[in-house]
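Residue-level structural notes
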Amino acid sequence: MSEPRINDRIRVPEVRLVGPNGEQVGIVRVEDALRLADEAGLDLVEVAPQARPPVCKLMDFGKYKYEADMKAREARKNQTNTILKEIRFRLKIDPHDYATKKGHVVRFLSAGDKVKVMIMFRGREQSRPEMGFRLLQRLAEDVADLGSVESSPRQDGRNMVMVIGPHKKKAEAKAEERRRKDADAQAQSQAQASTAEVPAATDASPAPEQTATPAP
């Protein structure tokens, strides 16, 4: 997104002007639009440079930018931060290895992470993609109570890939736990900084005054 043009950076003769409350003022000369902005104590901001003529709006650009930054920060704060784990299967996997790898998938999903499951084909196995599909489908059914398929099995060169994501509540719980840990760490850091600023107490008491004894 290009940087918005404001005030004297607008280099066109006319603009379609929008008022501070969204009202349509009409097509006016840039000089007149700048004068209206100056009289209202606002900025003239180009909001649709591709339009002919460009669309400009009267607004407090500093306030607008501050509110936009706050919304972006809140969106990042509420974003679910999931980690994509990867685990690989062989097409002809024995039951013991399958149970072990399935356990890893269960652990990842329980922790709120996504899992990229990959089946590696060797030699003539590449001619049997349906076997890989059945194996991935079996795994998805075995962990259905913890997660669901977000990316269906697809062939990727000599591999077949599928992505399983945790159910929404798991992912939200993990994001909340991470936010709580960050808040605790920040509070602890602030507490340590406050303690360091307190001067050390001293037990030293002032020395008693010496009184001169007159000579006999």
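Here's what I pulled together on the structure shown here. (Residues numbered from 1 in each chain as written. Predicted model: local features only at pLDDT ≥ 70, side-chain atom pairs only at ≥ 80, totals over all residues. Heavy atoms only, no water.)

In terms of helices and strands, the protein carries 5 helices and 8 strands. Ordered by position from the N terminus, the helices and strands of the protein form the series β-β-α-β-β-α-β-α-β-α-β-β-α. Put simply, the protein has 216 residues, and 26% of those count as buried. Put simply, of all contacts in the protein between residues at least 6 apart along the chain, 58% involve residues at least 24 apart. (Helix = DSSP H or I, 4+ residues; strand = E, 2+ residues; numbered from the N terminus. Buried < 20%, exposed > 50% of the residue type's maximum accessible area, 1.4 Å probe, protein only. Contact = heavy atoms within 4.5 Å.)

Moving on, we get to unusual backbone geometry. Of note, the amide linkage connecting R52 to P53 takes the cis form, showing an omega dihedral of -5°. Secondary-structure assignment places P53 in the loop between strand 3 (43-48) and strand 4 (55-59).

The strand order 2-1-4-3 describes an open sheet built from 4 strands, whose pairing is mixed. Of all strands in the sheet, those with a lone pairing partner are strand 2 (24-29) and strand 3, marking the two edges. Strand-to-strand twist of the sheet, defined as the mean angle between neighbouring strand axes without regard to direction, takes the value 35°. By the bridge criterion, 5 bridges tie strand 1 (residues 14-18) to strand 2 in an arrangement that is antiparallel. (Pairing = 2+ DSSP bridges. Axes fitted to C-alpha atoms, helices over the stretch in contact; angles between N-to-C directions.)

The next thing to look at is the environment of R11. Along the chain, the position of R11 falls in the segment before strand 1. Distance from R11 to V30, taken between C-alpha atoms, is 8.4 Å for residues 19 residues apart in sequence.

On to the environment of P129, then. Inspection of the secondary structure puts P129 in helix 4 (residues 129-142). For P129, a relative accessible area of 30% gives the class partly exposed. In this structure, the C-alpha to C-alpha distance between P129 and N159, residues 30 residues apart in sequence, is 9.3 Å. For P129, the residues in contact, after removing those within four places along its chain, are F121, Q155 and M160.

Helix length check: helix 4 (14 residues) gives 20 Å between terminal C-alpha atoms against 20 Å at 1.5 Å per residue, within 8%. Next to the buried residues of helix 4 lie strand 5 (84-90), helix 3 (95-110), strand 6 (114-120), strand 7 (147-156) and strand 8 (159-166). (Expected span 1.5 Å × (residues − 1).)

Next up on the list: the sheet that holds strand 5. One open sheet holds the 4 strands; their spatial order is 5-6-8-7, and the pairing between them is mixed. Strand pairing shows two members of the sheet lacking a second neighbour, strand 5 and strand 7, which therefore form its edges. Each strand axis lies, on average, 20° off the axis of its neighbour in the sheet, ignoring direction. In this structure, strand 5 lies alongside strand 6, joined through 7 bridges in parallel fashion. Paired with R88 across the two strands is M118, which belongs to strand 6. Against the sheet, helix 3 contacts strand 5, strand 6, strand 7 and strand 8, and its axis sits at roughly 170° relative to strand 5. On the sheet, helix 4 packs against strand 5, strand 6, strand 7 and strand 8 and is oriented at approximately 15° with respect to strand 8.

This brings us to the packing of helix 3 against helix 4. Interhelical geometry of helix 3 versus helix 4 gives an angle of 55° and a closest axis separation of 11 Å. The orientation of helix 3 with respect to helix 4, classified from their angle, is oblique. Crossing geometry of helix 3 relative to helix 4 is assigned as right-handed. Listed contacts from helix 4 to Y98, K102 and V105 of helix 3 are L135, R138, L139 and D142. Here the residues of the contact of helix 3 with helix 4 are counted per class, giving 4 nonpolar, no polar and 3 charged. (Parallel < 35°, antiparallel > 145°, perpendicular 65-115°, else oblique. Left-handed = near helix turned anticlockwise from the far one by under 90°. Nonpolar A, V, L, I, M, F, W, Y, C, P; charged D, E, K, R; others polar.)

So, about the packing of aromatic side chains. Both the distance between ring centres and the angle between the ring planes are used here to describe each pair of aromatic rings. Taken as a whole and judged by the stated rule, the model has 2 aromatic pairs. Between F61 and Y64 the ring centres are 6.2 Å apart and the planes differ by 35°, which places this aromatic pair in the tilted class. In this pair, F61 and Y64 both sit in helix 2 (residues 61-78), 3 residues apart, roughly one turn of the helix. Of the residues examined, F61 reaches a relative accessible area of 16% and is grouped as buried. Over the ring of Y98 we find R138, and its NZ or CZ is 3.8 Å from the ring centre. (Phe/Tyr/Trp six-rings, centres within 6.5 Å; stacked < 30°, edge-to-face > 60°. Lys NZ or Arg CZ within 6 Å of the ring centre and 35° of its normal.)

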